[in-house]
Amino acid sequence: VYAAAYGENLGGVVDLTTLPGGEDWEFEIGSILPRVWWRDGKLQGIRRFNPRARLSGPVIPDRLRMSLAAEYRFDRERVWDTPGGRGDNIPTDGWDGVAQFDWTPNTRHDVRFVFFSRPQSVDFVGLGGLTPEETTSTHDTKVGSAAVDHQYRLDERSFIQTLVSWNRTGFNARSVQPVASQPLFVIPDGFRGRAFHGEDRRVGHWQLKSAYTRAIGTDAPRHVLQFGIDIHDLRYRGESRNDPIEVRGVDGRLIQRTDFMNSGEVTAS
């Protein structure tokens, strides 16, 4: 939430400022060829694909500049010890997109609009020697943000900067098996059935920051004076779900069953 310049933080985060689009139109594209996946002398599909593109330039010369960038990500992670020759890879699929518009109506005002989105999905999480595909989970993550940053220059050494931003993060973990309330079976050679744990979490964050900054000094500025306000609204809501777990012997006999009384809901602000 806070930049490293504010608060007594043991660790800090970075204020990241991207460059505006230039006065000439530019277009770039890269990594357009996928990396194929060979196994046992046969083509199994795509192993990795990571194309990127960028477009920037002046929408209105000397007034409004635009910068757009996008990146797609597809990657397969090989899992070597999966049982019975079943599925043996964890695929990740997602993309990043950012759009920025810089508006300069006159010499005193600079306004920046930034929009960012990053959805991602990971399948067969937990796949391994004891856990086949049908007992794994799918993890979906969605990140989005929007911000307006306005800077008003009073003179050569002082300005007022105001930022309004919104951020949202969502995470969902669900079983690959579609049937609800089916138990997870723990048997001597591993796990079967449905992944017992699922969750759905959402975080929303609003920020309003306005600060006056003044450089002080006769020749070269030796001091910087800054004061203002920084207001945050942070809200979290989540739900955790646990299905039954059954431990069974070699002959299929039920040894132990665990039932969870209810799902857990957490809300904080």
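Fair warning: this is a prediction, and the values are worked out from it, not measured in the lab.

Draft legend 1. Layout of the overall build of the chain. Across its full length, the chain holds 0 helices and 16 strands. For the chain, the C-alpha radius of gyration of 26 Å lies well beyond 18 Å, the compact-globule estimate for 269 residues. If you line up the chain on its principal axes, its C-alpha atoms span 85 × 50 × 30 Å. When the 269 residues of the chain are sorted by exposure, 26% land in the buried category.

Draft legend 2. Representation of a nonpolar patch on the surface. Residues Trp-25, Phe-27, Ile-29, Ile-32, Leu-33, Leu-55, Val-59 and Ile-60 make up a contiguous nonpolar surface patch of about 860 Å² in total accessible area. At the level of elements, strand 1 (26-30) and strand 4 (52-60) are the ones that each hand at least two residues to the nonpolar patch. Counting residues per element, the nonpolar patch draws most heavily on strand 4, at 3 residues. If you trace the backbone, Leu-55 turns up in strand 4. When its relative accessible area of 31% is taken as the criterion, Leu-55 is described as partly exposed.

Draft legend 3. Quick peek at the environment of Leu-184. Position of Leu-184 relative to the elements: it lies in strand 10 (residues 184-187). Looking at Leu-184, the relative accessible area reads 8%, which means it is buried. Between the C-alpha atom of Leu-184 and that of Val-143, which follows or precedes it by 41 residues, the distance is 31 Å. In contact with Leu-184, not counting residues within four places along its chain, are Thr-135, Phe-191, Arg-192, Arg-194, Phe-196, Pro-244, Ile-245 and Glu-246.

Draft legend 4. How the structure looks around the side chain of Thr-136. Here Thr-136 is to be found in the loop between strand 7 (109-125) and strand 8 (137-153). Of the residues examined, Thr-136 reaches a relative accessible area of 1% and is grouped as buried. Here the side chain of Thr-136 touches Glu-133 through a polar contact of 2.6 Å, landing on its backbone oxygen. Those residues in contact with Thr-136 that sit more than four places away from it in its chain are Phe-124, Val-125, Gly-126, Leu-127, Thr-131, Ser-175, Val-176 and Ala-195.

Draft legend 5. Quick look at the sheet that holds strand 15 (residues 254-258). Spatially, the 4 strands line up as an open sheet ordered 11-10-14-15, and their pairing is mixed. Only two strands of the sheet have a single neighbouring strand rather than two, namely strand 11 (190-193) and strand 15. Neighbour to neighbour, the strand axes of the sheet diverge by 25° on average, direction disregarded. Judged from the 4 bridges that link them, strand 14 (residues 245-248) and strand 15 form a sheet pairing that is antiparallel. By the bridge assignment for strand 15, Glu-246 is matched with Arg-257.

Draft legend 6. View of the pairing of strand 12 (residues 197-216). As paired elements, strand 9 (residues 158-175) and strand 12 share 16 bridges and run antiparallel to each other. Paired with Thr-169 across the bridge in strand 12 is Val-203. Note that strand 12 and strand 13 (residues 223-242) share 20 bridges and pair antiparallel. In the strand pairing of strand 13, Arg-214 is matched with Leu-225.

Draft legend 7. Representation of the packing of aromatic side chains. Scanning all chains against the criterion turns up 3 aromatic pairs. With a centroid separation of 6.0 Å and 15° between ring planes, the pair formed by Phe-196 and Phe-260 is classed as stacked. Linking Phe-196 in the loop between strand 11 and strand 12 with Phe-260 in the loop between strand 15 and strand 16 (264-268), this pair joins segments that are 64 residues apart in sequence. We classify Phe-260 as partly exposed; its relative accessible area is 36%.

Cut-offs used in this document
Residues numbered from 1 in each chain as written. Predicted model: local features only at pLDDT ≥ 70, side-chain atom pairs only at ≥ 80, totals over all residues. Heavy atoms only, no water. Helix = DSSP H or I, 4+ residues; strand = E, 2+ residues; numbered from the N terminus. Rg over C-alpha atoms; globule rule 2.2 N^0.38 Å. Buried < 20%, exposed > 50% of the residue type's maximum accessible area, 1.4 Å probe, protein only. Patch = residues over 30% accessible without salt bridge, like charges linked within 9 Å, V, L, I, M, F, W, Y side chains within 5 Å. Areas by Shrake-Rupley, 256 points an atom, 1.4 Å probe, with all protein chains shown as cover. Salt bridge = Lys/Arg side-chain N within 4 Å of Asp/Glu carboxyl O. Contact = heavy atoms within 4.5 Å. Polar contact = N/O pair within 3.5 Å; in protein donor to acceptor, adjacent residues only side chain to side chain. Pairing = 2+ DSSP bridges. Axes fitted to C-alpha atoms, helices over the stretch in contact; angles between N-to-C directions. Phe/Tyr/Trp six-rings, centres within 6.5 Å; stacked < 30°, edge-to-face > 60°.

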